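As a plain string of letters, each chain reads:
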Amino acid sequence: MSTAEEFWARVEKTDGCWLWRGGNRGNGYGTFWVDKKRYYAHRYAYFLTHGYMPQGIILHACDTPSCVRPSHLSDGTPADNVSDMWSKGRGKPPPVLVGEAHPHTRLTDATVLHIRQQYASGQYSQRRLARTYGMNHASIGAIVRHETWRHVGGPHPTKAAA
Ligand SMILES: [Zn+2]
């Protein structure tokens, strides 16, 4: 069974929300272990659907913490706006697990590869990728040109997308 199949096997799909039936953390949010790392189930659902883990919080359109239905989840980035809100005392910080992607998490090989694939598709500008991953434009540029993270491979930018 693939990781994705294992994940979705733990989900009870209703007409509305898709409810996580695996473990949870006692705060309503489901958790899922992959390679000895624990992720929030809704974040992992987002990752399986979109291929990346948002830097900031993931918003639940339905306000159901255990819901992992992709259409109910949205990327709450830009994180700057969100942390600004917390600093003013509105809202509360998102639950973050050790090893999770958050605004200052270091990149992983998988993320770098995904950035290159997205850029090579021609559908994502460097500016948009920078925003999505909470990085500056120069860092994204260096990644897609293979100036950094050389060991990761992945597509080189095409003329059309550059
Ligand atoms: Zn839902």
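So, how was this worked out
- Residues numbered from 1 in each chain as written.
- Predicted model: local features only at pLDDT ≥ 70, side-chain atom pairs only at ≥ 80, totals over all residues.
- Heavy atoms only, no water.
- Donors = N, O, S within 2.8 Å, 3.2 Å for Na, K, Ca; no water.
- Buried < 20%, exposed > 50% of the residue type's maximum accessible area, 1.4 Å probe, protein only.
- Helix = DSSP H or I, 4+ residues; strand = E, 2+ residues; numbered from the N terminus.
- Contact = heavy atoms within 4.5 Å.
- Core = buried A, V, L, I, M, F, W, Y, C linked by side-chain atoms within 4.5 Å.
- Domains from an automatic or database assignment.
- Phe/Tyr/Trp six-rings, centres within 6.5 Å; stacked < 30°, edge-to-face > 60°.
- Lys NZ or Arg CZ within 6 Å of the ring centre and 35° of its normal.

K.L.:
Help me understand the coordination of the zinc ion, please; the structure alone is not making it clear to me.
P.N.:
When four donors bind a metal tetrahedrally, each ideal donor-metal-donor angle is 109.5 degrees, and when six bind octahedrally, the ideal angles are 90 or 180 degrees. Here the zinc ion is held by Cys 17 (SG), Cys 62 (SG), Cys 67 (SG) and His 72 (ND1), and the distances to it run 2.0 to 2.4 Å. His 72 sits in the buried class, given a relative accessible area of 17%.

K.L.:
Even after reading the chapter, I still don't get the side chain of His 60, so can you show me in this structure?
P.N.:
Within the secondary structure, His 60 is located in strand β5 (residues 58-60). Ignoring anything within four residues of it in the chain, the contact list for His 60 reads Tyr 29, His 42, Pro 65, Cys 67, His 72 and Leu 73.

K.L.:
Help me out: how do you make sense of the nonpolar core in this one?
P.N.:
Generally speaking, a soluble globular protein has its nonpolar side chains buried in company with each other. The biggest cluster of nonpolar side chains holds 26 residues, and the ones touching the most others in it are Phe 7, Trp 20, Tyr 44, Val 68 and Ile 115. Going through the elements one at a time, β2 (18-20), β3 (31-34), α2 (41-50), α4 (109-120), α5 (126-133) and α6 (137-144) are the ones with two or more residues in this core. For this core, the element with the most residues is α2, which contributes 4 residues. If you count residues domain by domain, this core takes at least three from each of domain 1 (3-87) and domain 2 (109-152). When residues no more than four places from it in sequence are discounted, the contact partners of Trp 20 are Phe 7, Arg 10, Val 11, Gly 30, Thr 31, Phe 32, Ala 41, Ser 66 and Val 68.

K.L.:
Mind showing me how you'd approach the packing of aromatic side chains here?
P.N.:
This model, assessed by the stated rule, comprises 11 aromatic pairs. Ring centres of Phe 7 and Trp 20 lie 4.7 Å apart, and the angle between their planes is 35°; on these two criteria the pair is classed as tilted. With Phe 7 in helix α1 (residues 3-8) and Trp 20 in strand β2, this pair connects stretches of sequence that are 13 residues apart. Residue classification places Phe 7 among the buried residues on the basis of a relative accessible area of 0%. Owing to a relative accessible area of 5%, Trp 20 belongs among the buried residues under this scheme. A ring pair is formed by Tyr 39 and Tyr 44, whose centres lie 5.4 Å apart and whose planes are at 50°; its orientation type is tilted. In this structure, Tyr 39 and Tyr 44 share a single accessibility class: buried. Within the aromatic cluster, the residues linked to one another by ring pairs are Phe 7, Trp 8, Trp 18, Trp 20, Phe 32, Tyr 39, Tyr 44 and Phe 47. Just above the ring of Trp 18 sits the side chain of Lys 13; from NZ or CZ to the centre is 4.2 Å.

So yeah, pure geometry; function would need other evidence.
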